[in-house]
Structure formats: structure tokens, C-alpha cells
Amino acid sequence: MKHQEISGAQIRSGRALLALSSRELAQFAHVSWATIKRFEEEEGIPPSRSGTLTKVKAALEAAGIEFIGDPITSPGVRLRRS
């Protein structure tokens, strides 16, 4: 697994754990809302250019999401409590 690889399911789940709208996540990640929507609709790892998926992953991690499991065979997330 490459460091930036996360699945659409993990993005949806992480956002749900944080009670964020897709527009809020887009703002936090500095990407467009359409990008979040496209990423979340993907069954596996969303195709991404120029670090966009990395930005989304970093925004979710900064908000307390930990990505666990393999993004294809056993995608998971958990909320880190501080």
C-alpha cells in the first residue's frame, strides 16, 4: 500500500465519524467539493493527480481519523481520542 492510498469508503466513513459535510471536508482539505464527491463514489482507491488524495487524507488525519486495514480488502477508520 502506498502511503497516500485510501478508499472512497474510508473517506466517507472518516467524514461521518467527524460529522463533517462533504463541503466542509473540501474546505479543510483545500480541494473542490466535486473532488470529494468523486472520491467518495469510488469503490476502491480513487484515481488522483498532484497529491489531491494526500490532501484529503491529511485533512482527515489532522481532524483525528486513523486509517486502518487495507484500503481494498479491509478498509477501516477509527477516531483518535485526544
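In this text, all values refer to a predicted model and were calculated from it rather than measured experimentally.

1. A few points about the overall build of the chain
When you go through the chain residue by residue, the secondary structure sums to four helices and two strands. Against the 2.2 N^0.38 benchmark of 12 Å for 82 residues, the chain shows a C-alpha radius of gyration of 11 Å, consistent with a compact globule. Split into buried and exposed, the 82 residues of the chain put 38% on the buried side. Sequence-distant contacts in the chain: of pairs separated by 6 or more residues, those separated by 24 or more amount to 59%. One way to put it: in the chain the 12 positive side-chain charges average out to a point 4 Å from where the 9 negative ones average out.

2. Digging into the packing of helix α2 (residues 22-29) against helix α4 (residues 52-62)
With their axes 8 Å apart at the nearest point, α2 and α4 run at an angle of 105° to one another. With respect to each other, α2 and α4 are oriented roughly perpendicular. Contacts between α2 and α4 involve L25, F28 and A29 on the former and, on the latter, K55, V56, A59 and L60. Tallied by class, residues from the contact of α2 with α4 come to six nonpolar, no polar and one charged.

3. Let's talk about the packing of aromatic side chains
Two measures describe an aromatic ring pair: the distance that separates the ring centres and the angle between the ring planes. Counting across every chain of the model gives zero aromatic pairs. Over the face of the ring belonging to W33 we find R23, whose NZ or CZ atom lies 4.3 Å from the ring centre.

4. What to know about the packing of helix α3 (residues 33-41) against α4
The N-to-C vectors of α3 and α4 enclose an angle of 90°; their axes lie 11 Å apart at closest approach. The orientation of α3 with respect to α4, classified from their angle, is roughly perpendicular. Contacts from T35, I36 and F39 in α3 reach T52, L53 and V56 in α4. Class assignment for the residues of the contact of α3 with α4 results in four nonpolar, two polar and no charged.

5. Quick word on the pairing of strand β1 (residues 65-68)
With burial as the criterion, only one face of β1 is covered, namely that bearing I65 and F67; the residues E66 and I68 on the opposite face remain uncovered. Note that β1 and strand β2 (residues 76-79) share four bridges and pair antiparallel. Among the inter-strand pairings, F67 is bridged to a residue of β2, identified as V77.

6. Structural notes on the nonpolar core
Core analysis: the largest hydrophobic core is formed by 15 residues, its most contacted members being I11, L25, V31, I36, V56, L60 and F67. For this core, the secondary structure elements donating two or more residues are α2, α3, α4 and β1. Not counting the four nearest positions on each side in its chain, L60 is found in contact with I11, G14, R15, L18, L25, I65 and F67.

Rules of the game
- Residues numbered from 1 in each chain as written.
- Predicted model: local features only at pLDDT ≥ 70, side-chain atom pairs only at ≥ 80, totals over all residues.
- Heavy atoms only, no water.
- Helix = DSSP H or I, 4+ residues; strand = E, 2+ residues; numbered from the N terminus.
- Rg over C-alpha atoms; globule rule 2.2 N^0.38 Å.
- Buried < 20%, exposed > 50% of the residue type's maximum accessible area, 1.4 Å probe, protein only.
- Contact = heavy atoms within 4.5 Å.
- Lys, Arg positive; Asp, Glu negative; His and termini not counted.
- Charge placed at Lys NZ, Arg CZ, Asp CG, Glu CD.
- Axes fitted to C-alpha atoms, helices over the stretch in contact; angles between N-to-C directions.
- Parallel < 35°, antiparallel > 145°, perpendicular 65-115°, else oblique.
- Nonpolar A, V, L, I, M, F, W, Y, C, P; charged D, E, K, R; others polar.
- Phe/Tyr/Trp six-rings, centres within 6.5 Å; stacked < 30°, edge-to-face > 60°.
- Lys NZ or Arg CZ within 6 Å of the ring centre and 35° of its normal.
- Pairing = 2+ DSSP bridges.
- Core = buried A, V, L, I, M, F, W, Y, C linked by side-chain atoms within 4.5 Å.

Shape descriptors only; they carry no functional weight alone.
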